[in-house]
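# Tertiary structure, described
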Amino acid sequence: MNRQPFDVWAVGAAYERYMGRWSRLVAREFAAWLSCEDKLRWVDVGCGTGVLSAAVTARCRPRTMVGIDRSEGFVAAARTTAPVSAHFIVADAMRLPVRDGACDAAVSGLALNFLPLPAAAVAEMARVVRPGGLIAAYVWDYADGMGFLRRFWDAAVQVDPSAAALDEGRRFPVCRPERLRAVWAEAGLVDVSIASIEVATVFTDFADLWNPFLAGQGPAPGYVAALTPAGRERLREALSAAVPTEPDGSIALTARAWAVSGRKVHAEAT
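Within each chain, residue numbers correspond to sequence positions counted from 1 in written order. Reporting in this predicted model follows two pLDDT cut-offs: at least 70 for local features of residues, and 80 or more for side-chain atom pairs to be given and counted; totals over whole chains, interfaces and linings ignore these cut-offs and use all residues. With hydrogens and water set aside, each side-chain value is computed from the structure's full complement of heavy atoms.

### Concerning helix α10 (residues 229–242)
Just so we agree on the cut-off: Helix and strand assignments come from DSSP, with helices taken as H or I runs of at least 4 residues and strands as E runs of at least 2, each series counted from the N terminus. One less than the residue count of a helix, multiplied by 1.5 Å, gives the span that helix is expected to have. The cut-offs for exposure are 20% and 50% of the maximum accessible area for each residue type, with area from a 1.4 Å probe on protein chains only; residues under the lower value are buried, those over the upper are exposed, and the others partly exposed. The directions considered for the arc are those from the helix axis to the C-beta atoms. It only takes one pair of heavy atoms within 4.5 Å for two residues to be counted as in contact.
With 14 residues, α10 should cover 20 Å at 1.5 Å per step; its first-to-last C-alpha distance of 20 Å lies within 8% of that length. All of the buried residues in α10 are Gly-231, Leu-235, Ala-238 and Leu-239. Each buried residue of α10 lies within a common arc of 95° when the element is viewed along its axis, so the set occupies one face. Opposite the buried face of α10, by more than 90 degrees, sit the exposed residues Pro-229 and Ala-241. Contact partners of the buried residues in α10: α5 (147–159), α8 (206–210) and α9 (219–226).

Okay, here's the thing in structure tokens:
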């Protein structure tokens, strides 16, 4: 993955307004899709503000839940908002501070696209899971299923063709189901399943959609922050014209994520 200076995730409150309110909905659906057992040992890789850790804790009643993220700001936010039974560590997802086979399940929510080597990250998740254990994740469908971001980048390219190089739909091939399946296979995982998770993203008005793009958290807001005031205004006008607005001013869109799960091969099967 070609990292850009705009790939900034550090402030929990800004993330919550921009993406957290929608990622929380997806996390709940993902936890339900896993049909997990109680009393398992979980690790949440790239845990961010703890949204997935909270959803798994509520749904699956884990024995232990450890969230790991390299952002100190996100980990601080997770510690204040996630269940007290979950523990959070600042560490690199590519080098998890967990011993081999220590967990029953490793999950990751909306993080794989932002890791330098997604396949290596999944292999690292598999390392810390026992044989037969679960490795699962979900990512936004940046290519065409993330409604408000798709319209954002289309509007950005309309006013600034060079913005096409920053479009998450182009930059992150792992956001598509066929690539996710390939990554899980590359990591040697079996019983691989893929599912689509779609949630409603309803904005009260255009300001509710636009203002989070001004907070500088993530590729699209980072791009906006780098624009001149005039360029920012041209983008705002183009995006306003591109989104469907209801008579009451609200904007109803949808966001799709792709979920993937697999199992670590049992020793006797190797």
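### Quick notes on the side chain of Ser-261
Examined against the element boundaries, Ser-261 turns out to sit in strand β7 (residues 251–263). The class for Ser-261 is buried, based on a relative accessible area of 11%. Beyond its immediate stretch of four places on either side in the chain, Ser-261 contacts Trp-33, Leu-34, Leu-134, Ile-135, Ala-136, Trp-184, Asp-191, Val-192 and Ser-193.

### Some words on the packing of α5 against α10
We apply this condition: Convention adopted: a line fitted to C-alpha atoms gives each axis, helices being fitted over their contacting stretch, and angles between N-to-C directions are expressed from 0 to 180 degrees. Reported orientations rely on four angle classes, namely roughly parallel under 35 degrees, roughly antiparallel over 145, roughly perpendicular from 65 to 115, and oblique for the rest. By convention, the crossing between two helices is left-handed when the near helix turns anticlockwise from the far helix through less than a right angle, and right-handed when the turn is clockwise. Basically, the charged four are Asp, Glu, Lys and Arg, the nonpolar ten are Ala, Val, Leu, Ile, Met, Phe, Trp, Tyr, Cys and Pro, and anything else, Gly included, counts as polar.
Running from N to C, α5 and α10 cross one another at 130°; their axes reach a closest spacing of 9 Å. With respect to α10, the element α5 is oriented oblique. Note on packing geometry: the crossing formed by α5 with α10 is right-handed. Facing α5, whose interface residues are Arg-151, Phe-152, Ala-155, Ala-156, Gln-158 and Val-159, α10 presents Arg-234, Leu-235, Ala-238, Leu-239 and Ala-242. Residues of the contact of α5 with α10, tallied by class, amount to eight nonpolar, one polar and two charged.

### Some details on helix α7 (residues 177–186)
Each α-helix turn comprises 3.6 residues. Residues three or four places apart therefore point the same way. Of the residues making up α7, those classed as buried are Pro-177, Leu-180, Val-183 and Trp-184. All buried residues of α7 fall inside an arc of 120° around its axis, so they share one side. Its buried side turned inward, α7 meets α4 (118–127), β5 (129–140), β6 (190–203) and β7.

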